[in-house]
Amino acid sequence: MGLTIAQKIIKEHLIEGEMVAGQEIALKIDQTLTQDATGTMAYLEFEAIGISRVKTELSVAYIDHNTLQSGFENADDHRYIQSVARKHGIRFSRPGNGICHQVHLERFGKPGKTLIGSDSHTPTGGGIGMLAFGAGGMDVAVAMGGGVYHITMPKMIKVNLTGKLSPWVSAKDVSLEILRILSVKGGVGYIIEWGGEGVKTLSVPERATITNMGTELGATTSIFPSDEATRAFLAAEGREEDYTPLESDPDAVYDRVIDIDLSSLEPLLACPHSPDNIKKASELSDMKVDQVCIGSCTNSSLRDMLRVAAILKGKKIHDSVSLSISPGSKQVLSMLADCGALTDMIAAGARILECACGPCIGMGFSPHSAGVSLRTFNRNFEGRSGTKDAQVYLVSPEIAAASSLTGYITDPRMLGDYPEITVPDAFKINDTAVLMPADENEAADVEVVRGPNIKPLPDARPLTDTITAPLTLKVGDNITTDHIMPAGAKILPYRSNIPYLSKFCFSVCDENFAERALLAGNSIIVGGSNYGQGSSREHAALVPLYLGVRIVVAKSFARIHVANLINTGILPLTFQNPDDYEKLTEGDELELCGLTEAIKTGEVTLTDKTNGEKIPLTCDFSERQIDMLLAGGLLKYTAGK
Ligand code: MIC
Ligand code: SF4
């Protein structure tokens, strides 16, 4: 039987397990990346493992999320990451060099290699034919130490592309179309492989927009073939030698095939507050727009920026719109400057922000109260922009630029001729903002510098046989890690200070949760389906651990978050019958007995001592996961080995 592209890469990197969907497998990891908001924790964990030098082919530490430095906290964390990277053999991408996924694609990604990153949008690398996964910091720390990465062997979806995108329709619309088809849960348990004749019409940055947003489907990852377009991109980056062709076998078997005719797509947008709430731009043309933000790891390539500049050229943005543009990397920014496109953007009235995540993670540029914000980003979760009642729409760079001119949501086809752009064959290469690590002889003398904002990790709590605890919080479906552990300018500086961060846990849902949980000592959370979707931040597990959360019971879980829960030693359990969710009420006293045995058989009974209900729960842990839970999480488990 033939193999898919992903299966070929998995086969080459398989260390443990069998390539049977649903079974746990362990993969060798070639490259890792971290960003600063999750990186400080990942490097503290790497230090805790006690290995002196990374064992990967390449590991890069990026600073891109938390670049406001509105106090000593971020700057201290950056200095810590810079020093720890220098000591342990990791390259350091300085603040201002760009967003991790954009820079990694430009400078380091290689077809056929495996990559894990402490950021959920690491699958951006699938645009260049990498098998790239978002993961929690602990998993990245273990991979840097030469350890394997465990996943459940996914099923395969093939998206068969035909035709060619029409003028004013772009890769973002392909992402939104697949979200319309599959929803934010539809990719869970799958790798999405993009194929068909239509693939040839898409450049690597366009493919990367699509694999980037595959994360919003809940997919394990997404991948494109490596072909002539990949070779051309690598050649433009001056590294054609990194090219290897990759395609699926003609008789490869997919669990599901979805056809998309690129020629039939129209400009789309995702309405508040979910990336799968899709409408046509033409349906919302009465909606007044207050703010437009262009950038993020989804849409900040040179192609996207040149297109925006061409649309804005010689025009002026609408008086009631505030427009921000953040180019994805120093490479993109300097090329925009050289060709004059930057001047066109500035002249039209854009506010140019640094090459970083910026407004995407609420680091500045929050909309005004109830403001309508059009963003070329990948997530529009409630409150993520920093303004709780903002109405955030996800759009293509074309819709964003067009709407910034008119002040209304605008189907860009209204603007007439699609302005031509030329993406050069050779990009401007300048890697001065990537610092090399010390060589092995010098490394011992490098001092790791820790600021006072770095607080110890919360204590592990090995699983006990009986847990009796109150239900301190009951939440609904599609709870994101942004709900569990919000980010934004006021909170993000405390990512290495779990006690402080804990004050904000679930504050979007219930401002009193943190206090209540801390008071209870031990507690249980109940959630709906797709619990923990979105960001890879392991803080959404570490902080509940600190607050005493021992168990999360949900209808279903998102992939990275469930791994993070187990990694921190919190027990994730699912309802055998999802309707039983209704039987539990916040404040109820719950009890689970015989847990050490029950997690092996997969049959767990929850007793609601308040109303006497007995509720059957399930779990399906591998032996490794059981050992981790019994040890109190991945770090204790690894140390024990
Ligand atoms: C995000 O887009 O939500 C983030 C911020 O990049 C996160 C990582 C984090 O929370 O630091 C992600 O996607 O994993
Ligand atoms: Fe940064 Fe936003 Fe991309 Fe996350 S989604 S890595 S915050 S640009």
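Thresholds, definitions, all that
- Residues numbered from 1 in each chain as written.
- Chains lettered and ligands numbered in written order.
- Predicted model: local features only at pLDDT ≥ 70, side-chain atom pairs only at ≥ 80, totals over all residues.
- Heavy atoms only, no water.
- Near = heavy atom within 4 Å.
- Polar contact = N/O pair within 3.5 Å; in protein donor to acceptor, adjacent residues only side chain to side chain.
- Areas by Shrake-Rupley, 256 points an atom, 1.4 Å probe, with all protein chains shown as cover.
- 1 Å grid on protein atoms, 1.4 Å probe; cavity = no way out; pocket = protein on both sides within 12 Å on 5 of 7 lines; lining within 4 Å.
- Sits in = over half its atoms within 2 Å of the grid points.
- Nonpolar A, V, L, I, M, F, W, Y, C, P; charged D, E, K, R; others polar.
- Helix = DSSP H or I, 4+ residues; strand = E, 2+ residues; numbered from the N terminus.
- Buried < 20%, exposed > 50% of the residue type's maximum accessible area, 1.4 Å probe, protein only.
- Contact = heavy atoms within 4.5 Å.
- Pairing = 2+ DSSP bridges.
- Axes fitted to C-alpha atoms, helices over the stretch in contact; angles between N-to-C directions.
- Parallel < 35°, antiparallel > 145°, perpendicular 65-115°, else oblique.
- Left-handed = near helix turned anticlockwise from the far one by under 90°.
- Salt bridge = Lys/Arg side-chain N within 4 Å of Asp/Glu carboxyl O.
- Arc of directions from axis to C-beta.
- Points joined across faces, edges and corners; volume = space filled by probe spheres on them.

## Focus on the site of ligand 1
Here comes step 1: For ligand 1, the set of nearby residues contains 14 residues, the closest of which are His65, Asp119, Ser120, Ser536 and Arg537.
Here comes step 2: In the environment of ligand 1, an oxygen atom lies 2.9 Å from a nitrogen or oxygen atom belonging to the side chain of Ser535.
Here comes step 3: Contacts to ligand 1 include Ser536, whose backbone N or O atom sits 2.7 Å from an oxygen atom.
Here comes step 4: If ligand 1 stood free it would expose 330 Å²; the protein chains cover 97% of that surface.
Here comes step 5: When each cavity is represented as a set of grid points, ligand 1 is found to reside in the largest cavity.
Here comes step 6: Here the residues of the shell around ligand 1 are counted per class, giving two nonpolar, seven polar and five charged.

## A few points about the environment of Ala21
Here comes step 1: In this structure, Ala21 sits in the loop between strand S1 (14-16) and strand S2 (24-27).
Here comes step 2: You can call Ala21 partly exposed: its relative accessible area is 44%.
Here comes step 3: As a C-alpha pair, Ala21 and Thr152 span 131 residues in sequence and 7.2 Å in three-dimensional space.
Here comes step 4: Non-local contacts of Ala21, meaning those with residues more than four positions away in its chain, are made with Met153, Pro154 and Lys155.

## A look at the sheet that holds S2
Here comes step 1: The strand order across the open sheet built from three strands is S1-S2-S8, with neighbouring strands paired in antiparallel fashion. Pairing within the sheet leaves two strands with one partner each, and these edge strands are S1 and strand S8 (149-152). The average angle at which neighbouring strand axes cross in this sheet is 45 degrees, direction not considered.
Here comes step 2: The pairing of S1 with S2 spans two bridges and is classified as antiparallel. Residue Glu16 lies in a different strand from S2, and its bridge partner there is Ala26.
Here comes step 3: Set on the sheet, helix H1 (residues 5-13) makes contact with S1 and S2; between it and S1 the angle comes to about 55 degrees.

## A closer look at the packing of helix H17 (residues 539-546) against helix H18 (residues 559-568)
Here comes step 1: Running from amino to carboxyl end, H17 crosses H18 at an angle of 40 degrees, the nearest separation of the two axes being 8 Å. With respect to each other, H17 and H18 are oriented oblique. With respect to the hand of their crossing, H17 and H18 are arranged in right-handed fashion. Where H17 approaches H18, its residues Ala540, Ala541, Leu542 and Leu545 are matched on the opposing element by His561, Asn564, Leu565 and Thr568.

## Focus on the site of ligand 2
Here comes step 1: For ligand 2, the full set of nearby residues is His65, His101, Asp119, His121, Ser296, Cys297, Cys357, Cys360, Ile361, Asn378 and Arg384.
Here comes step 2: Placement of ligand 2 is best described as lying within the largest cavity.
Here comes step 3: By residue class, the composition of the shell around ligand 2 is four nonpolar, five polar and two charged.

## Quick look at the pairing of strand S6 (residues 114-117)
Here comes step 1: The two faces of S6 match: Thr114 and Ile116 on one face and Leu115 and Gly117 on the other face are all buried.
Here comes step 2: Bridge count between strand S3 (residues 31-35) and S6: three bridges; the pairing is parallel. Across the sheet, residue Leu33 finds its bridge partner in S6, namely Gly117.
Here comes step 3: Two strands pair when backbone bridges link them, and S6 and strand S7 (residues 131-134) are joined in this way by four bridges, in the parallel orientation. Within the sheet, the bridge partner assigned to Leu115 lies in S7 and is Ala132.

## Details of the pattern of salt bridges
Here comes step 1: Following the criterion strictly, the structure yields 37 salt bridges and no others.
Here comes step 2: With a shortest N-O distance of 3.1 Å, Lys200 and Glu197 are connected by a salt bridge.
Here comes step 3: When its relative accessible area of 58% is taken as the criterion, Lys200 is described as exposed.
Here comes step 4: Among the residues examined, Glu197 registers a relative accessible area of 56% and is labelled exposed.
Here comes step 5: The network of salt bridges with shared partners includes Glu206, Arg303, Asp304, Arg307 and Glu398.

## Considering helix H10 (residues 330-339)
Helical geometry: 3.6 residues make up each α-helical turn, so side chains three or four residues apart lie on a common side.
Here comes step 1: When H10 is considered as a whole, its buried residues turn out to be Gln331, Val332, Met335 and Leu336. Along the long axis of H10, the arc covered by the buried residues comes to 130 degrees, so they all point the same way.
Here comes step 2: In this structure, the buried residues of H10 make contact with helix H4 (100-107), helix H9 (302-312) and helix H11 (341-348).
Here comes step 3: In the segment just after H10, Gly340 is the residue with positive phi, at about 90 degrees.

## Let's talk about the layout of surface pockets
Here comes step 1: Computed from the structure, the largest pocket encloses a volume of approximately 1000 Å³.
Here comes step 2: At the level of secondary structure, the elements contributing two or more residues to the lining of the largest pocket comprise S8, H18, strand S24 (571-575) and helix H20 (623-631).
Here comes step 3: Among the elements that make up the lining of the largest pocket, the one with the highest residue count is H18 (six residues).
Here comes step 4: A breakdown of the residues in the lining of the largest pocket according to their chemical character gives 18 nonpolar, 14 polar and eight charged.
Here comes step 5: If you add up the space inside the second largest pocket, you get close to 750 Å³.
Here comes step 6: In terms of lining, the second largest pocket is formed by 35 residues, of which the most central are Ser203, Glu206, Arg303, Ile421 and Val423.
Here comes step 7: Mapped onto the lining of the second largest pocket, the elements with two or more residues apiece are H4, helix H7 (204-214), helix H8 (228-236), H9 and H10.
Here comes step 8: The element best represented in the lining of the second largest pocket is H8, accounting for four residues.
Here comes step 9: Taken together, the residues of the lining of the second largest pocket break down into 20 nonpolar, seven polar and eight charged.

Remember, this is a structural readout, not a statement about activity or role.
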